[in-house]
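So you can see what is in the structure, the chains are spelled out below.
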Amino acid sequence: MNHLPKRILLATDGSECAETAGRVAMDLANRSGAELDIVHAFEFIPPREFAGVALRLRSPSEFAEQGQRVLEEQVGRIEEMGGEVIDARLCMGSPVDQILCRAEETDTGLVVVGR
C-alpha cells in the first residue's frame, strides 16, 4: 500500500524557515515522484483608523508585486537544487484559508510550511 503523496504544496512567505521548508518539500517530491506546487498568500487589511495613511504608504498592488517576487525566488531556488515546480500561485486573502483552498483545489496530499 503506497502512502506517498502524489502532489505536495509548499506554502512560502520568503522567510528563512520557508527556504528550509522548500528544500524539504523538493526533496520529498523528488524521492516520491510527487508533483510540487508553491503558493504565497497575503492579506491586505489596513487598520480602519489608519486606512487612508496605510493606502498611501503601500497599496495592495505593491503587496502583490512583493509576493510575486517571493514566489519567483522560491521557484528559482528549487530549480537550482534540481527540483521541478508544476505551478506557483499568488493568492490574496487569509493565508490559512488560501493555502487550504489551494490544497483542496489541487488534491494535495501534503502541505509543507516553514512554521
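That block above? That's the structure.
Presented here is a report on the structure given in the accompanying data block. (Residues numbered from 1 in each chain as written. Predicted model: local features only at pLDDT ≥ 70, side-chain atom pairs only at ≥ 80, totals over all residues. Heavy atoms only, no water.)

## Topic: the overall build of the protein
Okay, step 1: Within the protein one finds four helices and four strands.
Okay, step 2: Counting from the amino terminus, the protein carries its helices and strands in the arrangement β-α-β-α-α-β-α-β.
Okay, step 3: Looking at the protein residue by residue over its 115 residues, the buried ones come to 35%.
Okay, step 4: Taking all contacts inside the protein whose residues are at least 6 apart in sequence as the whole, residues at least 24 apart take part in 76%.
Okay, step 5: Of the roughly 7,300 Å² of accessible surface on the protein, 51% is carried by carbon and sulfur atoms. (Helix = DSSP H or I, 4+ residues; strand = E, 2+ residues; numbered from the N terminus. Buried < 20%, exposed > 50% of the residue type's maximum accessible area, 1.4 Å probe, protein only. Contact = heavy atoms within 4.5 Å. Areas by Shrake-Rupley, 256 points an atom, 1.4 Å probe, with all protein chains shown as cover.)

## Quick look at helix α3 (residues 60-80)
Okay, step 1: Over its 21 residues, α3 runs 30 Å from end to end, which matches the ideal 30 Å to within 8%, given 1.5 Å per residue.
Okay, step 2: Residues of α3 that are buried: Gly67, Val70, Leu71, Gln74, Val75 and Ile78. When α3 is viewed along its axis, its buried side chains cluster within an angular range of 130 degrees and face the same direction.
Okay, step 3: If you follow the buried residues of α3, they end up packed against β1 (7-11), α1 (16-32), β2 (35-42) and β3 (87-92). (Expected span 1.5 Å × (residues − 1). Arc of directions from axis to C-beta.)

## Let's talk about the state of the cysteines
Okay, step 1: Scanning all chains against the criterion turns up zero disulfides.
Okay, step 2: In this structure cysteine 91 is not part of a disulfide, and its nearest cysteine sulfur, from cysteine 101, lies 7.6 Å away. (Disulfide = S-S within 2.5 Å.)

## A closer look at a nonpolar patch on the surface
Okay, step 1: A contiguous nonpolar patch, built from Val24, Leu28 and Leu110 and spanning about 200 Å² of accessible area, is present on the exposed surface.
Okay, step 2: Its place among the elements puts valine 24 in helix α1. (Patch = residues over 30% accessible without salt bridge, like charges linked within 9 Å, V, L, I, M, F, W, Y side chains within 5 Å. Salt bridge = Lys/Arg side-chain N within 4 Å of Asp/Glu carboxyl O.)

## Concerning helix α4 (residues 95-105)
Okay, step 1: By the burial criterion, the buried members of α4 are Ile99, Arg102 and Ala103. One side of α4 holds all its buried residues, which, seen down the axis, span an arc of 100 degrees. Opposite its buried face, α4 presents the exposed residues Leu100, Glu104 and Glu105, each directed more than 90 degrees away.
Okay, step 2: In this fold, the buried residues of α4 make contact with β1, β2, β3 and β4 (110-112).
Okay, step 3: Where α4 terminates, the next one or two residues include aspartate 107, which has phi positive at roughly 55 degrees.

## Here we look at the environment of leucine 71
Okay, step 1: Turning to its location among the elements, leucine 71 is positioned in helix α3.
Okay, step 2: Residue class for leucine 71 comes out buried when judged on its relative accessible area of 1%.
Okay, step 3: A sequence separation of 58 residues divides leucine 71 from aspartate 13, and the C-alpha atoms of the two residues are 8.3 Å apart.
Okay, step 4: Each residue touching leucine 71, except ones within four places of it in the same chain, is listed here: Thr12, Ile38, Val39, His40, Ala88, Arg89 and Leu90.

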